[in-house]
Amino acid sequence: MAELTELREQLDEIDAQIVELYERRMNICEQVGEYKIEKGKKVFDRQREKNKLADVAAKVSSDFNKKGIQELYQQLMSMSRKLQYQQLVKAGALGRLPFIEVASLDKSTARVVFQGVEGAYGQAAMQQYFGEGCNCFHVRTFRDAMEAIEEGSADYAVLPIENSSAGAVNEMYDLLVEFENYIVGETILPVTHTLAGLPGTELADIQRVYSKAEALMQTSRFLDDHADWQQISVVNTAIAAKKILEDADRTQAAVCSAYAAKVHGLSVLVDGINDEKNNFTRFIVVTNQKIFRKDADKISICFEVAHESGSLYHLLSHFIYNDLNMTKIESRPVEGRSWEYRFFVDFEGSLSDGAVKNAIRGLREESRSLKILGNY
């Protein structure tokens, strides 16, 4: 049996040959890319790649090696595609993405919609982004807000997308797919819940507590200390505060912000009742225009992949090979297709960047569908 040193020398010799063959292969792939650009052909030929994988698997001896050689060739063909996508960018074959760069958003004349009633966290987030004197109105649901900007009765909507303790607002992800509206900004709002009631209310008076389901969950430790209180979910924390005022019943209280309590004339009975003291909600600013600010540095997209092994892995590699930092990924079920999912990804960059255009080209060609949700 050969010594370990001798075996490693043999491996080094083989590896040197592999490196040389790899460079030869990529050189030919570059020539193929030039031909495709000249003839207007697509980079990704799914059927040809399937045939190639079947062919190389048939040439090896064991099941273990079949899987290994297919994985190797998947990577080789993936690298070849990425090289050719770069060639397309350099040749200007990508054209312009259908988004217009603007210097800034016109906040002074904008009409803005938020979900909920006066005193809602959405209103606070809107004022944080657009200023307290902005021209605004409120609607009952997230869908109503998306419809308002789609039809043009509002220029922008400010809507929650995720909370640091409760996680994603799933409905918003679904609505971003359904509507042709786009994210142009974001603002992060600290969320501090209070227990509020009619002036003069004592804790001993309370029998029922109203709030949004997420707010009840975010204050569960405090509420568990009062297990005799009935917890009742409503659409919005500000609606809960409004109900307490309108019902004029001291046996009722609301979990809401101090701002909502003030707006509706309630007293703060207990302040800062959050389980998690560092509680924040990220709000997105949405419009029906395909625009992005010149200083935008985050992009949100969504895509669907083939329901087969490795499909998501290969799609995400486009971020790696274009040196793009992915900051978030979420998944949502695809309506009408059981156990299939749509993926939502946030990553750093601008739609004006060549690396971003390159990655999006690859993602678009290799996914079932791709939608750019916004650059902000």
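Residues numbered from 1 in each chain as written. Predicted model: local features only at pLDDT ≥ 70, side-chain atom pairs only at ≥ 80, totals over all residues. Heavy atoms only, no water.

1. Focus on the overall build of the chain
Logical step 1: Assigned secondary structure in the chain consists of twelve helices and 17 strands.
Logical step 2: In summary, the chain has a C-alpha radius of gyration of 27 Å against a globular reference of 21 Å for 376 residues, an excess of more than 25%.
Logical step 3: Its C-alpha atoms give the chain principal-axis dimensions of roughly 90 × 55 × 40 Å.
Logical step 4: Relative to its full complement of 376 residues, the chain shows a buried share of 45%. (Helix = DSSP H or I, 4+ residues; strand = E, 2+ residues; numbered from the N terminus. Rg over C-alpha atoms; globule rule 2.2 N^0.38 Å. Buried < 20%, exposed > 50% of the residue type's maximum accessible area, 1.4 Å probe, protein only.)

2. Some points on helix 2 (residues 46–57)
Logical step 1: For helix 2, which comprises twelve residues, the first-to-last C-alpha distance of 17 Å matches the rise-based estimate of 16 Å (1.5 Å per residue) to within 8%.
Logical step 2: Buried residues of helix 2: Glu49, Leu53, Val56 and Ala57, and no others. Axial view of helix 2: buried residues confined to an arc of 100°, hence all on one face.
Logical step 3: Those residues of helix 2 hidden inside the fold are in contact with helix 3 (63–90). (Expected span 1.5 Å × (residues − 1). Arc of directions from axis to C-beta. Contact = heavy atoms within 4.5 Å.)

3. Quick word on unusual backbone geometry
Logical step 1: Backbone geometry places alanine 248, a non-glycine residue, at a positive phi of 50°.
Logical step 2: Structurally, the position occupied by alanine 248 is in the loop between helix 9 (237–247) and strand 10 (252–256).
Logical step 3: Residue classification places alanine 248 among the exposed positions, given a relative accessible area of 55%.

4. A word on the state of the cysteines
Logical step 1: All chains considered together, the criterion is met by zero disulfides.
Logical step 2: Cysteine 136 provides the cysteine sulfur closest to cysteine 134, a residue in no disulfide bond, and the two sulfurs are 4.5 Å apart. (Disulfide = S-S within 2.5 Å.)

5. With respect to the side chain of asparagine 375
Logical step 1: The residue asparagine 375 is located in strand 17 (residues 369–375) in this model.
Logical step 2: Under the relative-accessibility criterion, asparagine 375 is labelled buried at 0%.
Logical step 3: Looking at asparagine 375, its side chain comes within polar contact range of the main-chain oxygen of lysine 298, at 2.8 Å.
Logical step 4: A distance of 3.2 Å separates a polar side-chain atom of asparagine 375 from the backbone oxygen of glycine 349.
Logical step 5: When neighbours within four sequence positions are excluded, asparagine 375 is seen to be in contact with Ile183, Val184, Ile291, Phe292, Arg293, Ala296, Asp297, Lys298, Ile299, Gly349, Ser350 and Leu351. (Polar contact = N/O pair within 3.5 Å; in protein donor to acceptor, adjacent residues only side chain to side chain.)

6. Brief notes about helix 5 (residues 142–151)
Logical step 1: For helix 5, every residue scored as buried is listed here: Phe142, Ala145, Met146, Ala148 and Ile149. Down the axis, helix 5 shows its buried residues gathered within 155° of arc, on one side only.
Logical step 2: Downstream of helix 5 by a residue or two, glycine 152 has a phi angle that is positive, lying close to 95°.

Coordinates in, geometry out; function isn't part of it.
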